[in-house]
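Read off the chains here:
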Amino acid sequence: MRFFGPFIALVFAASIASSIAEEHTHQGWECCAQKRDWLLRSSNARSLDDKADAGGATDHYARDRRIDIDHLKLDITPDFVARTLKVETLIRFSPIGDPLRTLELDAVDLEIDSIEATQEVDSFQMTSEDKLEITFAKAIPVGSETVVTIQHHCEPREGWYFRTEAMGYPTGDDHAWTQGEPERHRHWFPGYDYPNERFTTEVICRVPEGMTVLSNGRLLSSEKDNATGLVAHHWLQDKPHVNYLISVVAGHLEKLEDRHGELPLAFYTPPSEFEQAANSFRDTKSIIGFFEKEIGIDYPWDKYFSVCVSDFIAGGMENTSVTTLTTGTLFSAASENIHTSHRLDAHEVAHQWFGDLVTCQDWSQLWLNEGFATYYTHLYEQEKNGRDSMLYGLYRDAKGVLKSTDDKPITWRGYEDAWEQFDYRAYPKGAWVLHMLRSQLGDELFGDCIRTYLERHRGQVVVTRDLMEVIEELSGRSWERYFDQWVHHGGEPEFKVSYAWDQEKKKATVTVEQTQKISDRVMLFRLPLPVRLITEEGIHNFVADITQKKESFSWELPGKPTAVRIDPEYTVLADVDFKPANSLLHTQLELKDDMIGRLFAVQHLGGRKDADSIDKLKARLNGDEFYGVRIEAAQALEKTHSEQALDALLASRQQDDARVRQQVAFSIGKFFDERAYAALVDTVENEKNPDVVSAALSSIGKFSADRSEPILLAAMRRDSFRNRIAVEAISAAQVGREEAMAGPVLDYLRASESKFTARDFASVMNSLAVLVSDENAESRDDVRDFLTGYVKHPKESIGTGAMKALGTLGDKRSVSVLDTFLIDEDGESERAKAADAAIKIINGGQPQAPEIGDLRKELMELQKKVRELETKQE
């Protein structure tokens, strides 16, 4: 999952998306990171500080399976007006190991109406541990098949999400969607909500005529009930999968269709989003074809549908045969090549094998889902755009991994909430573990290993050892240390490298020292480190077998090297500190077939203020054949930050590649200079690409208000896809704290809410609050009233965004409004948490007064007792 996952991931998603918009869908893992952050906030998981106070988390291992579930059937009737569900859940199971007297199912806030079973039921109850306990009159023997049917209803806070016109979504777009990973389906139906159990599933969803229902597997029927007027759409997934992969999307949707051989393909969006659908669907067919060839196993499910839903919590979710995607992946042609969906698309398609066909046994093994999906996305990138594009993706992933100070292993069991696993370790580091394996095994043997791993464990849950055993069997080599240091321990190697040439002996010496801090979590690494020495006579490749903390390697050569490349094919995840001499660096900068070498050479030149270095960077920025090197050259000139560096950037604004043009605008904006200001204004007024315009706008706010205000106001009123330009203009005004813009911004927001995404509207509300954060600001009262009017907005992200903005505003008169949310749902709702955070900001970091807190607790207790009495009366 991207989503992202998610990986998600969060991790770098916001910063990457703001600086290089193309990375909005890069691999999908940062999107999943957004999902991870969102669900950590919305769940009952404690903060890391809370866990530290509690003495740390308990190690998590796979759950015991007391039953073997054969089949799950859900019959769902959603109420789009009340935003509630009526559900019948049927579970067919057999006890494992011991006779079963009490069946325990995961269930949160479900109202149980009745329970029937093929065995006599003695009693049932919902427990305080979020379980539904069903006690049978007699213990069910091991292996004896039993069917239990549960009638229940709920108003789900998680797992099932409505998006309706009454909530502020466009007319005609009403729909609902589910999100199960990691353990969220328990909020709308009772079941075994953990990944180490696979079973077939069936979904019947009853919706008004004209609505579409999508679910896993194949559609058996769509029949209208004349008594209710509802149409029952009946889906069957007859291939076992795990609970979190169940999906239901229901509502008004439009579709594009295609086929890959006999495999049905489709792409759905809400009607208001359909115009851009084709942009994001165009790679799906070729992605599936490539993966079938690369993996060696045909696509394993009955169809592949993708459906975009409003305000999804991440980039995508790889439900078997029907992926859920954010509408944020949709893009207009005006962005040129800055935006793309093919990476997110490839990530989710790869999951149909890795994560769906085989699934991690528990959340410590998540990398077997996300690392594979991330790496195979890189492989598709190579197929689509060439090897340099794949290496550049790995480079960007490595930058994020190596910046982390976290030394937890990939297979860490000390998490409190499963979403803590959806970070860089599962996604980019997991991908790098596979890339290094492929580099050492070779493409053919690696492919044989992965195909055998999938064939052997098809339809099963897996752990890391399952993969390692296949690799050991087919390669004849021991891989225990490899998995121990990269997967079961944390950290990455840090190499300090030096080079020397002995002219008399015609010998080159490379010394490598491991400088990472060794601990119980981080090992001294052993690995093959490729070294390439280039002389006038040719290219000489060697391998330094790293086994010690510090060691030297020498090789005889026919002549003095003109370039020294450490890890030239980019096959080792390591932080390499190597500073070649200028002559070596300049040769490296010209290596035509070594994009990574040129990229690192450009980085080394960044910050050097001599004319020669600046000229070489300018030449790369305008002449390198790969866009990623040109982007790095712009960033290197930005880092140099001299008048000559600005001259080079100003002379490089005319770029055919929009991604480079955008970066040049960002880099120019880092200079506080009259020439920079003029170039930024020119870009805003004459550039057609809205993403490049936004890049230029992001820095205009730091210049004097009398000049920047009319530029920003004009940009704010300029039409663009997703209102991207307006968002950046308002954000830029915030940078300069231009109070005079508060009135026009307020008027614009009052009239234009529908033009923004929910998250963007929350963001611009906060920018508006910054503009009037001074206590004497003229529009302060009007802004406070405006924000207060949104705290109850049906879109939660807008409601919580308004509360955050009130905290930014810092007006103590807002506390009374915010305080009313602290008694909501025992203070555990997302809005209650946002209100509490805002109050602390207004109070200078202090919580609400103790007496108010005591009163709140009394009110909460009273509400709880009232609910208990109401339950007893029912």
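Calculation notes
- Residues numbered from 1 in each chain as written.
- Predicted model: local features only at pLDDT ≥ 70, side-chain atom pairs only at ≥ 80, totals over all residues.
- Heavy atoms only, no water.
- Helix = DSSP H or I, 4+ residues; strand = E, 2+ residues; numbered from the N terminus.
- Buried < 20%, exposed > 50% of the residue type's maximum accessible area, 1.4 Å probe, protein only.
- Areas by Shrake-Rupley, 256 points an atom, 1.4 Å probe, with all protein chains shown as cover.
- 1 Å grid on protein atoms, 1.4 Å probe; cavity = no way out; pocket = protein on both sides within 12 Å on 5 of 7 lines; lining within 4 Å.
- Points joined across faces, edges and corners; volume = space filled by probe spheres on them.
- Nonpolar A, V, L, I, M, F, W, Y, C, P; charged D, E, K, R; others polar.
- Pairing = 2+ DSSP bridges.
- Axes fitted to C-alpha atoms, helices over the stretch in contact; angles between N-to-C directions.
- Expected span 1.5 Å × (residues − 1).
- Core = buried A, V, L, I, M, F, W, Y, C linked by side-chain atoms within 4.5 Å.
- Contact = heavy atoms within 4.5 Å.
- Parallel < 35°, antiparallel > 145°, perpendicular 65-115°, else oblique.
- Polar contact = N/O pair within 3.5 Å; in protein donor to acceptor, adjacent residues only side chain to side chain.
- Phe/Tyr/Trp six-rings, centres within 6.5 Å; stacked < 30°, edge-to-face > 60°.
- Patch = residues over 30% accessible without salt bridge, like charges linked within 9 Å, V, L, I, M, F, W, Y side chains within 5 Å.
- Salt bridge = Lys/Arg side-chain N within 4 Å of Asp/Glu carboxyl O.
- Lys, Arg positive; Asp, Glu negative; His and termini not counted.
- Charge placed at Lys NZ, Arg CZ, Asp CG, Glu CD.

S.K.: Could you give an account of the overall build of the protein, naming the residues involved and the relevant values?
M.R.: Regarding its fold elements, the protein presents 29 helices and 28 strands. For the protein, the residues scored as buried account for 58% of the 874 residues in total. Accessible surface, the protein as shown: approximately 34500 Å² in total, 45% of it carbon and sulfur.

S.K.: Let's hear about unusual backbone geometry: which residues, and what values?
M.R.: Along the chain, Glu 181 connects to Pro 182 via a cis peptide bond; the corresponding omega equals 0°. With respect to the helices and strands, Pro 182 occurs in the loop between β9 (175–178) and β10 (198–208). Of note, the phi angle at Asp 130 is positive, near 60°, even though the residue is not glycine. The topology assignment puts Asp 130 in the loop between β5 (121–126) and β6 (131–140).

S.K.: Give a detailed account of the layout of surface pockets, specifying residues and quantitative values.
M.R.: Gaps left between atoms show up when a probe the size of a water molecule is rolled over them. Each pocket or cavity is described by its volume, and for the second largest pocket that value is around 910 Å³. Forming the boundary of the second largest pocket are 32 residues, of which Tyr 395, Asp 575, Val 576, Phe 600 and Gln 603 lie nearest the centre. Those elements giving two or more residues to the lining of the second largest pocket turn out to be α8 (387–403), β27 (563–566), β28 (575–577), α14 (595–605) and α16 (627–640). At 5 residues, the largest contribution of residues to the lining of the second largest pocket is made by α8. Its residues assigned to classes, the lining of the second largest pocket shows 17 nonpolar, 5 polar and 10 charged.

S.K.: How would you sum up the sheet that holds β27? Please name residues and give values.
M.R.: Judged by pairing direction, the sheet is antiparallel, and its 3 strands sit side by side in the order β25-β24-β27 without closing on themselves. In the strand order of this sheet, the two ends are held by β25 (538–546) and β27, each with one partner. Each adjacent strand pair in this sheet contributes to an overall mean axis angle of 20°, direction not counted. As paired strands, strand β24 (residues 527–535) and β25 are joined by 9 bridges and run antiparallel to one another. In the sheet register, Arg 532 faces β25, and the bridge partner there is Asn 541.

S.K.: Let's hear about helix α7 (residues 367–385): which residues, and what values?
M.R.: With 19 residues, α7 ought to run about 27 Å at 1.5 Å a step, and its terminal C-alpha atoms sit 26 Å apart, in line with that. Burial analysis of α7 places 15 of its 19 residues in the buried class, which makes it a mostly covered element. Positive phi shows up at Gly 386, right after α7, with a value of about 100°.

S.K.: How would you sum up the pairing of β6? Please name residues and give values.
M.R.: Pairing of strand β3 (residues 100–106) with β6 involves 6 bridges; the strand directions are antiparallel. Following the sheet pairing, Leu 105 is matched in β6 by Leu 132. With 5 bridges connecting them, β5 and β6 associate as antiparallel partners. The residue bridging Phe 124 from the neighbouring strand is Ile 134, located in β6. Once β5 ends, the chain turns through 4 residues before running back antiparallel as β6, passing Asp 130 with a positive phi of about 60°.

S.K.: Describe the nonpolar core, listing the residues and the values that go with them.
M.R.: In terms of nonpolar packing, the biggest core is built from 176 residues, with Phe 291, Trp 353, Tyr 376, Leu 467, Phe 483 and Leu 749 touching the most fellow members. Ignoring sequence-local partners within four residues, the contact set of Phe 483 consists of Trp 367, Leu 437, Thr 464, Leu 467, Met 468, Ile 471 and His 488. One finds Ala 176, Leu 214, Ile 246 and Phe 312 within the second-largest nonpolar core, a separate group that totals 71 residues.

S.K.: Can you tell me about the packing of helix α26 (residues 796–809) against helix α28 (residues 830–842), naming the residues and giving the values?
M.R.: Two elements in contact, α26 and α28, have axes whose closest approach is 8 Å; the angle formed by their N-to-C orientations is 10°. For the element pair α26 / α28, the angle class is roughly parallel. Contact residues: α26 offers Glu 796, Gly 799, Thr 800, Met 803, Leu 806 and Gly 807, while α28 offers Glu 830, Arg 831, Ala 834, Ala 835, Ala 838, Ile 841 and Ile 842. Class assignment for the residues of the contact of α26 with α28 results in 7 nonpolar, 3 polar and 3 charged.

S.K.: Tell me about the environment of Ser 222, and please be specific about residues and values.
M.R.: Position of Ser 222 relative to the elements: it lies in strand β12 (residues 218–224). Expressed as a C-alpha distance, the spacing of Ser 222 and His 233, which sit 11 residues apart in the sequence, is 4.4 Å. Once residues within four sequence positions are removed from consideration, Ser 222 is found in contact with Val 231, Ala 232 and His 233. At 2.9 Å, the side chain of Ser 222 and the side chain of His 233 are in polar contact.

S.K.: Break down the side chain of Gln 237 for me, with residues and values.
M.R.: Within the fold, Gln 237 resides in strand β13 (residues 230–242). With relative accessibility at 1%, the residue Gln 237 sits in the buried group. Polar side-chain contacts of Gln 237 include one of 3.4 Å to the backbone nitrogen of Lys 239. Excluding its chain neighbours within four sequence positions, the residues that come into contact with Gln 237 are Thr 200, Thr 201, Asn 216, Gly 217, Trp 301, Asp 302, Thr 320 and Ser 321.

S.K.: Go over the packing of aromatic side chains with me, naming the residues and quoting the values.
M.R.: For the coordinates displayed, the defined rule picks out 43 aromatic pairs. Between the aromatic rings of Phe 354 and Phe 372, the centroid separation amounts to 4.5 Å while the plane-to-plane angle is 15°, which identifies the pairing as stacked. Here Phe 372 lies in helix α7 and Phe 354 lies in the loop between α6 (342–351) and β20 (358–360), a separation of 18 residues in the sequence. Taken individually, Phe 354 and Phe 372 each receive the classification buried, so the pair is uniform in this respect. Measuring from centroid to centroid gives 5.5 Å for Trp 479 and Tyr 482, while their planes differ by 80°, and the two rings are edge-to-face.

S.K.: Would you mind going over a negative patch on the surface in detail, with residue names and values included?
M.R.: Taken together, Glu 104, Asp 109, Glu 111, Asp 113, Glu 129 and Asp 130 make up a surface patch of like negative charges. By the element assignment, Glu 129 lies in the loop between β5 and β6. Its relative accessible area of 56% is what places Glu 129 among the exposed residues.

S.K.: Tell me about the environment of Lys 702, residues and numbers included.
M.R.: For Lys 702, the location among the structural elements is in the loop between α20 (690–700) and α21 (705–716). Among the residues examined, Lys 702 registers a relative accessible area of 32% and is labelled partly exposed. A polar atom in the side chain of Lys 702 sits 2.3 Å from the backbone oxygen of Gly 669.

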